[in-house]
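# Summary of structural features
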Amino acid sequence: MSESKAAIKAWTGAQRRMGLRSARPSILIGLATGLIGAFQMWCIACLLGPVLSGLVGQASQSTPPAWPLIGFAVAACVRIVLGIVGETASARAGRVARSRLRREVLTTFVGNGPAILRHAHSGALAALVVDRIESLDGYFTRWAPASVLWIAVPFCLLLVTLCVQPHAALILGICGAAVPFAQAAFGIGAAVASRNQFLAMTRLQARFLDRVRGIATIVLSGRTEDEATRLQAAADELRQRTMKILRVAFLSSASIDCAMVVALILIALTDGRHAALMAQGGDTGAFRHLVTDSLFALLIVPEFFAPLRSLALAYQDRALVQGAAEDVLALPEAPQPAQGQTVRSVEAHGITIAFENVSFTWDEARGPALDHVSFVAPAGETLILAGPSGSGKSTIMELLLGFVKPESGRITFNGADMQTIVPDALARMISWIGQKPVLFAGSLRENILFARPDATEEELAAAVHAAAVDRFLDVLPDGLETMIGEGGFGLSGGQAQRIAIARAYLRNAPILLLDEPTAHLDPTTEADVFESLIRLTLRRTVILASHSTAVHMFHGRRVDLSHGHVSVCQESA
Ligand code: ADP
Ligand code: MG
């Protein structure tokens, strides 16, 4: 949260400019609505003025004119239509802004790859993309127009009132000017309160997500009560912080009510005295005029304060953008491909991968994870990376996937430095299967087609057969349409891994990275899965990380790693 103030200011400034640009229609409509409101109040004053002065007995009872009634009705209709158009326009502006922000944040997530999880909890990241950005809706739909209208509409109404009754305009002006001071005082409180509330919400979300994932561990260790109490505490913190926001919002709107009541009383008092003096004079025409003008001055007061109230309601939205700026700017920047000779793709038929003196450190305190590692994986062949746990196999995979960059040395694909290959081309070239396949909640078919949604039915069937998924389809209730839970819930480890293999068949990429694909499987299942994999490795450049003894089933070079060094590099038959 130590993002520099200047960066936050620049970000919020950019959002403000974009917000104002997209709020232009709403601003124009708001201005028109304010002026129409003034006209409506004038109509009411003209309608009631003669009636009231007649009741007081100073003017002869006359039938009120018909035009104010018609004018009021027409203006009301126009106001309704404008209201609908304005709401639609501002909703659209909000939608566009939110999807733009989500795209920006997701691009950063994708660019950083799994490394983003070193930066923040997945719950916090989800809260940023979903809730944080959703909460900015009000900034674009309410705050952006209100930030202009709160000054524009009262100013116009003040001018109108000035023409009708100068002393009322003076009172309105003074009372209106007092409001921003009160708002500024409460606004600072609102900003702090809403930031704290969001922090509390993120904490609750992260905790809940964590505990749901580890529900089995919690139940088995008899910690259910403890965890429930802690969740309760986090929820309680959120409740208190939400109440604080409501309190600040209540105070801020009460300050506007106060200013409005004072303005009403002052106008009524001055006009009352005026009217009393005039009543003694006995000029009925002038008296009726005065009553009409006074009525108008009183009726305009709520219209005058309405935009200020909208601003106060939207003030919290402004505070939210500040918090969002901190979160968005705290995200690590996505690594950019090296500038200069950017390669779109490399030779598609067979890719030779070479590591040339590659070093990489995750954490200075723990020393380098890879120390001057060099090896070559020839095109179309399999390279086996062997070595105990922690020797750096997965680090090599992460480097090849482009999620992290070598500190020194380089990785080449057919001689081209990997850094110069555009990320899209790189992603198209590589299939990856890890220890635990990532399966999403949905049907088996959806999960396999995830690799290539446009695959034909024949291609899907071929992949299902090649990966031996069809061997366990019979026991599933709905075959390929069987629904599975998040993370492959409902499938065995071997079955889930077969889904991943079927995906890789569908993708048909020239490079295949396998990171201990059988680490969690029993020897029999492992042999089965390896068999499916061997077929997949044909004519592809494969790097297989495994410390299983069964890797002898694969033919190819073997590189032994230990503590980030290459200890043995041998060709096997
Ligand atoms: P292997 O896959 O061979 O088991 P890894 O490549 O995962 O080994 O790990 C190599 C070393 O790098 C280990 O000491 C491990 O603790 C460290 N390491 C791996 N990933 C990270 C990470 N994301 N952050 C910090 N250290 C890491
Ligand atoms: Mg590993």
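On a predicted model such as this, the values are computed, not experimentally measured, just so you know.

## What about the overall build of the chain?
The helix and strand tally for the chain stands at 17 helices and 12 strands. Taking the principal axes of its C-alpha atoms as reference, the chain extends roughly 120 × 60 × 50 Å. By residue count, 45% of the 573 residues in the chain fall in the buried class. Each charge class in the chain can be summarised by its mean position, and for the 49 positive and 49 negative side chains these summaries are 8 Å apart.

## Regarding the site of ligand 1
The environment of ligand 1 is formed by Arg118, Trp362, Arg366, Ala369, Pro388, Ser389, Gly390, Ser391, Gly392, Lys393, Ser394 and Thr395. In the model, an oxygen atom of ligand 1 is placed 3.3 Å from a nitrogen or oxygen of the Ser391 main chain. Within the side chain of Thr395, an N or O atom sits 2.5 Å from an oxygen atom of ligand 1. With three residues, helix H11 (residues 393-401) is the largest single contributor of residues to the shell around ligand 1.

## Structural notes on the pairing of strand S9 (residues 511-515)
Successive residues of a regular strand alternate their side chains across the two faces of the sheet. Counting buried residues along S9, five of its five residues qualify, which places the element largely inside the surrounding structure. Here four bridges tie strand S6 (residues 430-433) to S9, and the two strands are oriented parallel to one another. Each residue of the ladder has a partner; that of Ile433, found in S9, is Leu514. The pairing of S9 with strand S10 (residues 541-545) spans five bridges and is parallel. Bridge pairing links Leu514 to Leu544 in S10.

## So, the environment of Leu82
Inspection of the secondary structure puts Leu82 in helix H3 (residues 67-112). Once the C-alpha coordinates of Leu82 and Ile29 are considered, the two residues, 53 residues apart in sequence, prove to be 6.4 Å apart. Residues in contact with Leu82, not counting those within four places in the same chain, are Ile29, Ala32, Thr33 and Ile36.

## Focus on the domain arrangement of the chain
Looking at the assigned domains, one finds that the chain contains domain 1 (2-329) and domain 2 (353-571). The straight-line distance from the C-alpha centre of domain 1 to that of domain 2 is 54 Å.

## Looking at the environment of Leu264
Examined against the element boundaries, Leu264 turns out to sit in helix H9 (residues 224-281). Relative accessible area serves as the criterion here: at 29%, Leu264 is assigned to the partly exposed category. C-alpha separation for the pair Leu264 and Gly415, spaced 151 residues apart in sequence, amounts to 81 Å. Once residues within four sequence positions are removed from consideration, Leu264 is found in contact with Leu298 and Val301.

## What about the sheet that holds strand S2 (residues 370-377)?
The strand order S2-S1-S4-S5 describes an open sheet built from four strands, whose pairing is antiparallel. Edge positions in the sheet fall to S2 and strand S5 (416-417), since each has one partner strand and no second. The pairing of strand S1 (residues 353-360) with strand S4 (residues 408-413) spans five bridges and is classified as antiparallel. Directly across from Phe355, in S4, lies its bridge partner Ile411. Strands S1, S2 and S4 of the sheet are contacted by H11, whose axis makes an angle of about 115° with S1.

## Re the packing of aromatic side chains
For the structure on display, the rule yields seven aromatic pairs. On the numbers, 5.4 Å between centres and 85° between planes, the contact of Trp42 with Phe296 is edge-to-face. Placement of the pair is Trp42 in helix H2 (residues 24-56) and Phe296 in helix H10 (residues 284-330), with a sequence separation of 254 residues. The partly exposed category is assigned to Trp42, whose relative accessible area is 28%.

## Comments concerning the packing of H3 against helix H6 (residues 137-164)
Viewed as axis vectors pointing N to C, H3 and H6 meet at an angle of 145°, and their least axial separation amounts to 8 Å. H3 and H6 meet at a crossing whose hand is right-handed. In this structure, H3 uses Ser90, Ala91, Ala93, Gly94, Arg95, Ala97, Arg98, Arg100 and Leu101 to contact H6, whose residues at the interface are Asp137, Phe140 and Thr141. Counted by class, the contact of H3 with H6 contains five nonpolar, three polar and four charged residues.

## Notes on the UniProt feature "transmembrane region" (unreviewed entry) in the chain
Feature annotation in UniProt places "transmembrane region" (unreviewed entry) on residues 26-53, 65-85, 143-162, 168-193 and 248-269, given in this structure's numbering. End-to-end, the C-alpha atoms of residues 26-53 are 40 Å apart, and along that stretch the chain is 100% helix and 0% strand. For residues 248-269, helix accounts for 100% and strand for 0%, while the C-alpha atoms at its two ends are 32 Å apart.

## Quick look at H10
Residues that lie three or four places apart on an α-helix share one face, since the helix turns once every 3.6 residues. Compared with the 69 Å implied by 1.5 Å per residue over 47 residues, the 71 Å span of H10 between its first and last C-alpha is a close match. Along H10, the largest kink reaches about 35° and is centred on Ala314.

## Observations concerning the confidence of the model for the chain
In this model, the chain carries an average pLDDT of 86, and 94% of its residues clear a pLDDT of 70 or more. Mean pLDDT in the chain bottoms out at strand S12 (residues 565-571), which sits at 78, and peaks at S1, which reaches 94.

## What to know about the packing of helix H1 (residues 5-22) against H6
Close contact between H1 and H6 brings their axes to 9 Å; oriented N to C, the two are set at 80°. It follows that H1 is roughly perpendicular to H6 by the angle criterion. Where H1 approaches H6, its residues Thr12, Gln15, Arg16, Gly19 and Leu20 are matched on the opposing element by Tyr139, Phe140, Ala144, Ser147 and Val148. The residue makeup of the contact of H1 with H6, split by class, is five nonpolar, four polar and one charged.

The rules behind each value
- Residues numbered from 1 in each chain as written.
- Chains lettered and ligands numbered in written order.
- Predicted model: local features only at pLDDT ≥ 70, side-chain atom pairs only at ≥ 80, totals over all residues.
- Heavy atoms only, no water.
- Helix = DSSP H or I, 4+ residues; strand = E, 2+ residues; numbered from the N terminus.
- Buried < 20%, exposed > 50% of the residue type's maximum accessible area, 1.4 Å probe, protein only.
- Lys, Arg positive; Asp, Glu negative; His and termini not counted.
- Charge placed at Lys NZ, Arg CZ, Asp CG, Glu CD.
- Near = heavy atom within 4 Å.
- Polar contact = N/O pair within 3.5 Å; in protein donor to acceptor, adjacent residues only side chain to side chain.
- Pairing = 2+ DSSP bridges.
- Contact = heavy atoms within 4.5 Å.
- Domains from an automatic or database assignment.
- Axes fitted to C-alpha atoms, helices over the stretch in contact; angles between N-to-C directions.
- Phe/Tyr/Trp six-rings, centres within 6.5 Å; stacked < 30°, edge-to-face > 60°.
- Left-handed = near helix turned anticlockwise from the far one by under 90°.
- Nonpolar A, V, L, I, M, F, W, Y, C, P; charged D, E, K, R; others polar.
- UniProt positions renumbered as here; feature names shortened; annotations may be inferred.
- Expected span 1.5 Å × (residues − 1).
- Bend = angle between axes of the 7 residues up to and from the residue.
- pLDDT = per-residue confidence, 0-100.
- Parallel < 35°, antiparallel > 145°, perpendicular 65-115°, else oblique.

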